[in-house]
Amino acid sequence: FDPLTVALLVGAGSTLAPLAWVTWGHFNERCDSTWIHFNEPGLRSDLENKLVGQHIASPIIFKAVAGFMKNPHPRKPLVLFLQGSTGTGKNFVAQMIANNIYKKGNVSQFFHVFTYQLDFPHQSQIETYKSQLQQWIKGNVSRCAHSIFVFDEVDKLHPGLFDSIYPYLDHHNQLQGVSYKNAIFIFLSNAGASDITKIALDFWQSGRTREDIKLKDLEKVISQSAFNDKMGGLWHSPLIDRNLVNFYVPFLPLEYKHVLQCVFAEMKARNLSTNGDIAKQLADDLVFYPNPMRVFSAQGCKTIHARLDFYI
Ligand SMILES: Nc1ncnc2c1ncn2[C@@H]1O[C@H](COP(=O)(O)OP(=O)(O)OP(=O)(O)O)[C@@H](O)[C@H]1O
């Protein structure tokens with residue numbers, strides 16, 4: 001190279017070096033405190049300000065996750081079982097947890113979400129799925145102890161799918177050289193939704209406020225419904241039988257006022273001015289049940305993101 005070319009290359013190199021370093025760091029997320037750091041106030045604030053209508057779930061999730069993350073020597077992985085009807089915030093909360101643990105939030109390579117449609121679609125392949133799941137979890141926890149695994153719609157999964165991973169959820173110091181104690185497992189389920197709704201409706205019909213519903217009013221139905229759901233992935237499951245779940249978290253069905261709050265939140269997220277008429281119109285067009293009272297939104301807040309486009 002002639003001296004001018006060398007000078008240009010050196011100059012370009014020193015200008016681009018910091019950028020290259022940032023980019024390298026971005027794509028090479030590591031399992032260390034630069035990338036994994038629990039943001040306790042952040043989780044509290046997200047649960048209090050972004051999650052609507054879940055006065056029971058919100059404090060349980062906060063205490064469970066904060067207690068676990070602040071404990072330097074947990075005795076077992078944290079296992080959360082979130083139950084409730086569609087669109088009430090179960091996935092939303094799982095993402096909030098990831099957003100307040102990983103610098104890269106819910107796109108972190110240490111945050112794993114499994115859905116039955118994508119990951120376990122064929123009942124006939126159950127034995128293959130079982131061993132793949134076991135290997136996947138073992139491999140990922142070996143790479144990063146602070147991994148999070150979310151299983152969506154476990155009520156639709158094959159009973160027996162989780163047989164291969166139960167030991168990971170228990171109190172073991174190590175299994176084949178791997179410790180699972182710092183991992184978080186989150187199971188999401190619609191099983192039990194009708195029981196939760198029934199209790200919420202009883203409160204509504206007897207004139208008590210929603211906030212009067214306490215965890216103890218729901219505790220019995222939520223653990224039993226998954227266990228007794230013959231079609232579901234946790235039917236007579238050791239997960240429940242052997243008390244591997246740390247916290248059962250009920251999600252209440254959402255009412256009209258919560259749907260409005262979700263619409264406003266969506267408007268804000270899109271930098272739109274919050275328009276009450278549009279929010280009301282959108283909410284009015286949703287399906288509410290049971291007839292004729294129309295108390296709870298059949299889709300919760302799930303379809304609002306997509307529907308808002310038609311109203312603005
Ligand atoms: N309680 C809530 N508070 C605020 N927003 C909510 C709430 N529930 C749902 N949403 C909104 O609706 C979207 C879809 O909800 P989410 O995926 O969490 O529902 P889900 O309970 O996991 O449903 P499903 O059982 O069908 O998987 C969320 O991303 C969020 O924008």
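First, a word on what this report is: a plain description of the structure on this page. Computed from a prediction, not measured in an experiment: that's the story for all the values here. (Residues numbered from 1 in each chain as written. Predicted model: local features only at pLDDT ≥ 70, side-chain atom pairs only at ≥ 80, totals over all residues. Heavy atoms only, no water.)

**So, the layout of surface pockets**
Rolling a probe over the atoms, with the probe sized like a water molecule, indicates the empty space that remains.
And then number 1: Volume-wise, the largest pocket comes out at about 900 Å³.
And then number 2: Lining the largest pocket are 28 residues, with Gly87, Gly89, Phe92, Cys301 and Lys302 sitting closest to its centre.
And then number 3: Of all the secondary-structure elements, those providing two or more residues to the lining of the largest pocket are helix H4 (90–99), strand E4 (184–189), helix H11 (256–269) and helix H13 (304–311).
And then number 4: Here the lining of the largest pocket gets 5 residues from one element, more than from any other, and that element is H11.
And then number 5: Along the lines of polarity and charge, the residues of the lining of the largest pocket split into 10 nonpolar, 12 polar and 6 charged.
And then number 6: Its boundaries defined by the atoms lining it, the second largest pocket holds a volume of some 150 Å³.
And then number 7: As for the second largest pocket, its lining consists of Arg44, Leu47, Glu48, Leu51, Gln54, Ser58, Pro59, Phe62 and Lys63.
And then number 8: Among the elements of the structure, helix H2 (40–49) and helix H3 (57–70) are those that each provide at least two residues to the lining of the second largest pocket. (1 Å grid on protein atoms, 1.4 Å probe; cavity = no way out; pocket = protein on both sides within 12 Å on 5 of 7 lines; lining within 4 Å. Points joined across faces, edges and corners; volume = space filled by probe spheres on them. Helix = DSSP H or I, 4+ residues; strand = E, 2+ residues; numbered from the N terminus. Nonpolar A, V, L, I, M, F, W, Y, C, P; charged D, E, K, R; others polar.)

**Here's the deal with the site of the ligand**
And then number 1: Near the ligand you find 18 residues, and of these Val52, Thr86, Lys90, Asn91 and Lys302 are the closest.
And then number 2: Between a nitrogen atom of the ligand and a main-chain N or O atom of Val52, the distance comes to 2.8 Å.
And then number 3: Side-chain polar atom of Lys90 to an oxygen atom of the ligand: 2.8 Å apart, as the coordinates give it.
And then number 4: Contact with the protein chains covers 84% of the free accessible surface of the ligand, which is 620 Å².
And then number 5: Of all the cavities here, the one that holds the ligand is the largest pocket.
And then number 6: Per-element tally for the shell around the ligand: the top contributor is H4, with 3 residues.
And then number 7: Per-class residue counts for the shell around the ligand are 6 nonpolar, 8 polar and 4 charged. (Near = heavy atom within 4 Å. Polar contact = N/O pair within 3.5 Å; in protein donor to acceptor, adjacent residues only side chain to side chain. Areas by Shrake-Rupley, 256 points an atom, 1.4 Å probe, with all protein chains shown as cover. Sits in = over half its atoms within 2 Å of the grid points.)

**Observations regarding the pattern of salt bridges**
And then number 1: Summed over all chains, the structure comprises 12 salt bridges.
And then number 2: Here Lys130 makes a salt bridge to Glu127, at a shortest N to O gap of 3.5 Å. Here Lys130 pairs with Glu127, and both are found in helix H6 (residues 126–143), just 3 residues apart, close to one helical turn.
And then number 3: With relative accessibility at 17%, the residue Lys130 sits in the buried group. (Salt bridge = Lys/Arg side-chain N within 4 Å of Asp/Glu carboxyl O. Buried < 20%, exposed > 50% of the residue type's maximum accessible area, 1.4 Å probe, protein only.)

**A closer look at the state of the cysteines**
And then number 1: All told, the structure shown has 2 disulfides when counted by the stated rule.
And then number 2: Through a disulfide, Cys31 is tied to Cys144; the S-S separation comes to 2.2 Å. Taking the sign of the S-S torsion, about 70° here, the bridge from Cys31 to Cys144 comes out right-handed. A residue pair is termed long-range when its members are at least 10 positions apart, and Cys31 in the loop between helix H1 (3–27) and H2 and Cys144 in the loop between H6 and strand E3 (148–151) qualify at 113 residues.
And then number 3: A relative accessible area of 0% means that Cys144 is categorised as buried.
And then number 4: Bridging Cys262 to Cys301, the disulfide has an S-S length of 2.0 Å. Between Cys262 and Cys301, the S-S dihedral sits near 90°, and the bridge is therefore right-handed. Taken together, the positions of Cys262 in helix H11 and Cys301 in the loop between strand E7 (296–297) and H13 put the pair 39 residues apart, joining distant regions of the chain.
And then number 5: You can call Cys262 buried: its relative accessible area is 18%.
And then number 6: Numbered by position along the chain, the disulfide-linked cysteines of the chain connect as 1-2, 3-4. (Disulfide = S-S within 2.5 Å.)

**A word on helix H8 (residues 193–205)**
And then number 1: Over its 13 residues, H8 extends 18 Å from the first C-alpha to the last, a length consistent with the 18 Å expected when each residue adds 1.5 Å.
And then number 2: Looking only at H8, the buried set comprises Ala193, Ile196, Thr197, Ile199, Ala200, Leu201 and Phe203.
And then number 3: Of the residues flanking the end of H8, it is Gly207, one or two places downstream, whose phi is positive at about 80°. (Expected span 1.5 Å × (residues − 1).)

**Description of helix H12 (residues 276–284)**
And then number 1: Within H12, burial applies to Ile278, Ala279, Leu282 and Ala283. Projection of H12 onto a plane perpendicular to its axis shows the buried side chains occupying an angular sector of 130°, all on one side.
And then number 2: Close packing links the buried residues of H12 with H11, strand E6 (288–289) and H13.
And then number 3: The backbone nitrogen of Asp277 has a side-chain oxygen 2.9 Å away, supplied by the residue at the start of H12, namely Asn275. (Arc of directions from axis to C-beta. Contact = heavy atoms within 4.5 Å.)

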